[in-house]
Amino acid sequence: MSSQSDASGRHEAGNKLGLDVVIARLAELLLEEESRVHLAASLEFDGLEAVRKELSTVAELQECLRHDDPFLLGPYADIRQQLSEIGPSGVALDATDLLLLAHTARSAVTVHRYFEDRTEKYPLLFRALSDPETDQLPFREVFKAIDLSGEILDSASSELQRIRRGLTRAQGSARKAALDALRKASAAGFAAEEQPTIRGGRLVIPVRAEAKRRVDGFVHDVSASGQTVYIEPAASLESNNRVRELEYDEIRECHRIRVELTELFREVRPLLKAAWLRLVRADILQAKARLANEMDAIVPSVEHNGGIQIIQARNPELMLVFNREGGKRSVVPFDLDLGGDNTMIVISGPNAGGKSVTMKAVGLMALMVSKGLPIPVAPGSRFDLFDTVHADIGDEQSMSDDLSTFTSHLKNLSNIITTAGPRDLALIDEAGTGTDPEAGGAMARAILEVLHRNGVRTIVTTHYGPLKLFAHETDGIQNASMTFDQ
């Protein structure tokens with residue numbers, strides 16, 4: 001099979017086991033939309049040690065969220081576009097983009113300081129989310145210069161303060177001159193409205209069109225009806241000129257301030273990008289930890305030898321479904337031991353007795369462990385890392401391939417026995433069903449013999465008596481059964 005087909009098969013198996021429900025809840029617990037883009041990559045690990053480290057890091061954050069001061073992860077967004085724009089010297093980001101960078105920088109500093117103060121308690125989290133150089137990020141300068149609405153403050157520079165004071169005075173003078181001219185025009189019956197207005201950046205007064213030559217000034221605009229003209233009174237000319245001059249000075253000074261602030265970020269671009277990536281990491285870790293705490297999950301002992309010894313295990317998908325319903329129902333726990341000389345468990349029992357739920361719970365927990373997610377088991381449990389989880393579960397009929405249910409099962413099982421190895425986990429639901437019981441039982445036994453011979457850790461559910469007898473008579477295969485709680 002191609003790698004693309006393998007990936008598709010793993011995805012399909014994961015969804016049959018309930019992994020999609022777990023990942024969907026994990027995504028809901030993320031605080032920022034940006035983290036969802038990085039979620040899939042954060043669930044892939046290269047080898048046993050990487051998985052162990054991730055699980056231990058999540059366990060530290062579980063403890064932190066349960067028993068420590070609130071871990072506050074401030075706002076952040078995707079700043080890669082802004083970081084790319086500030087590459088050349090002399091660039092001026094707009095005020096909202098500068099605020100975006102500043103919020104991200106401040107959030108990174110907050111996270112750094114939180115774990116810097118708790119280095120001994122959470123050493124893995126400190127290494128993952130903290131960096132002393134983060135303190136160099138220039139968010140304070142931005143918040144001193146720009147308010148939260150994106151306006152540059154008067155206090156951003158002494159020059160801007162001087163310009164805006166002069167602008168206020170010039171605007172006052174222009175308005176006083178315009179009001180005086182408007183009062184005179186009103187007294188003479190020339191005014192069309194009671195207040196001055198702005199046209200082309202100049203303060204003007206509205207005058208009836210037939211009286212435009214009776215008012216001393218300059219026509220700037222005419223109303224749509226043509227009945228009103230807007231005249232800049234001659235007495236306002238000097239003040240209006242001063243207003244425009246100072247407005248241009250203000251624009252130039254604000255641009256200079258934005259260039260200066262942008263340059264501060266340009267000098268620490270690599271540091272800021274690394275800080276942003278740590279915030280993404282922090283958000284994903286907190287979602288994993290909150291999900292684990294929701295399920296009362298822990299980190300089991302993890303090796304790579306195919307061992308599963310789980311105590312009081314509960315199906316994670318069912319736990320999430322029941323939690324969403326309000327917790328009125330509880331998941332029945334189970335114990336399971338598979339490992340060492342035993343490579344296979346054959347589970348039998350009545351319909352609706354929990355065989356498939358138990359088997360799927362094991363498969364789902366195998367996938368969760370591989371993705372660095374704690375699992376809902378009791379302390380003392382062990383759940384080793386498997387390279388691949390193979391699953392033949394549910395109705396496999398394929399309309400697109402024109403395959404019967406039984407033929408689809410055969411195709412799936414053929415793929416399992418030809419690809420699964422000793423570091424894999426195989427899950428087979430209702431082995432041998434879909435055809436004549438005698439033929440189905442013989443076929444199922446042949447498949448189990450191959451998997452057992454190849455050392456594949458396997459869990460099978462069945463109703464067939466011959467398979468139970470085969471398990472009883474074969475070393476390394478265990479029988480297990482489900483019963484109703486009377």
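This structure is a prediction, so every number in the text was calculated from the model and none was measured. (Residues numbered from 1 in each chain as written. Predicted model: local features only at pLDDT ≥ 70, side-chain atom pairs only at ≥ 80, totals over all residues. Heavy atoms only, no water.)

Participant: So what's going on with the overall build of the protein chain? Residues and values would help.
Facilitator: Helix and strand counts for the protein chain come out as 16 helices and 12 strands. The globule rule puts the C-alpha radius of gyration for 486 residues at 23 Å, and the 36 Å found for the protein chain is more than 25% above it. Along the three orthogonal principal directions, the C-alpha set of the protein chain runs to about 115 × 55 × 45 Å. Within the protein chain, the proportion of its 486 residues that are buried is 48%. Long-range pairs, those at least 24 residues apart, make up 73% of the contacts in the protein chain between residues at least 6 apart in sequence. In the protein chain, 55 positive and 71 negative side-chain charges are present, and the distance between their average locations comes to 9 Å. (Helix = DSSP H or I, 4+ residues; strand = E, 2+ residues; numbered from the N terminus. Rg over C-alpha atoms; globule rule 2.2 N^0.38 Å. Buried < 20%, exposed > 50% of the residue type's maximum accessible area, 1.4 Å probe, protein only. Contact = heavy atoms within 4.5 Å. Lys, Arg positive; Asp, Glu negative; His and termini not counted. Charge placed at Lys NZ, Arg CZ, Asp CG, Glu CD.)

Participant: Can you break down the packing of helix 2 (residues 19-28) against helix 12 (residues 316-324) residue by residue, with the values?
Facilitator: As a packed pair, helix 2 and helix 12 sit with axes 9 Å apart at the nearest point and diverge in direction by 50°. In terms of orientation, helix 2 and helix 12 fall into the oblique class. Where helix 2 approaches helix 12, its residues Val21, Val22, Arg25 and Glu28 are matched on the opposing element by Pro316, Glu317, Leu320 and Arg324. Its residues assigned to classes, the contact of helix 2 with helix 12 shows four nonpolar, no polar and four charged. (Axes fitted to C-alpha atoms, helices over the stretch in contact; angles between N-to-C directions. Parallel < 35°, antiparallel > 145°, perpendicular 65-115°, else oblique. Nonpolar A, V, L, I, M, F, W, Y, C, P; charged D, E, K, R; others polar.)

Participant: Describe the environment of Phe115, naming the residues involved and giving the relevant values.
Facilitator: Mapped onto the elements of the fold, Phe115 is located in helix 6 (residues 95-116). In this structure Phe115 comes out as buried when scored by relative accessible area, which is 0%. Placed 11 residues apart in sequence, Phe115 and Phe126 show a C-alpha to C-alpha distance of 5.2 Å. Beyond its immediate chain neighbours, meaning those up to four positions away, Phe115 contacts Leu61, Phe71, Tyr122, Leu125, Phe126 and Leu129.

Participant: Tell me about the pattern of salt bridges, residues and numbers included.
Facilitator: For the coordinates displayed, the defined rule picks out 34 salt bridges. With its nearest N and O atoms 2.8 Å apart, the salt bridge here joins Arg25 to Glu28. Of the two residues, Arg25 and Glu28 both sit in helix 2, three residues apart, roughly one turn of that helix. Measuring nitrogen to oxygen at the nearest pair gives 2.8 Å for the salt bridge that ties Glu263 to Arg266. With a gap of three residues between them, Glu263 and Arg266 both fall in helix 10 (residues 237-266), about one helical turn apart. (Salt bridge = Lys/Arg side-chain N within 4 Å of Asp/Glu carboxyl O.)

Participant: Please provide a residue-by-residue account of the sheet that holds strand 1 (residues 197-199), values included.
Facilitator: Ordered by their spatial adjacency, four strands build an open sheet running 1-2-4-3, and the pairing between neighbours is antiparallel. The open sheet has two edge strands, strand 1 and strand 3 (217-222), and neither has a second partner. Ignoring which end each strand starts from, the neighbouring axes of this sheet average 50° apart. The strands that helix 9 (residues 158-187) touches are strand 2 (202-208) and strand 4 (228-233); relative to strand 2, the one it contacts most, it runs at about 10°. (Pairing = 2+ DSSP bridges.)

Participant: Explain the sheet that holds strand 7 (residues 344-348) to me, using residue names and the numbers behind them.
Facilitator: Pairing is parallel across the open sheet formed by five strands, whose spatial order is 9-10-11-7-12. Looking at strand neighbours, the two that pair on one side only are strand 9 (389-392) and strand 12 (477-481), the edges of this open sheet. When strand polarity is set aside, the average angle formed by the axes of neighbouring strands in this sheet is 15°. In this structure, strand 10 (residues 425-428) lies alongside strand 11 (residues 457-461), joined through four bridges in parallel fashion. When the sheet's bridge partners are listed, Leu427 is paired in strand 11 with Ile459. Along the sheet, helix 13 (residues 355-370) makes contact with strand 7, strand 9, strand 10 and strand 11, crossing strand 10 at roughly 155°. With respect to the sheet, helix 16 (residues 465-473) is in contact with strand 7 and strand 12, its orientation differing from that of strand 12 by roughly 130°.

Participant: Can you lay out the pairing of strand 11 for me, pointing to particular residues and giving the numbers?
Facilitator: For strand 11, a buried count of five out of five residues is recorded, marking the element as mostly surrounded by other parts of the structure. Every second residue of strand 11 is oriented toward a common face, with Arg457, Ile459 and Thr461 on one face and Thr458 and Val460 on the other, all of them buried. Taken together, the four bridges between strand 7 and strand 11 define a ladder with parallel strand orientation. Residue pairing in the sheet places Met344 in a bridge with Thr458 of strand 11.

Participant: An account of helix 13 is needed here, citing residue identities and associated values.
Facilitator: In this model helix 13 runs 23 Å from its N-terminal to its C-terminal C-alpha over 16 residues, within 8% of the 22 Å that 1.5 Å per residue would give. One or two residues past the end of helix 13 sits Gly372, with phi positive at roughly 75°. (Expected span 1.5 Å × (residues − 1).)

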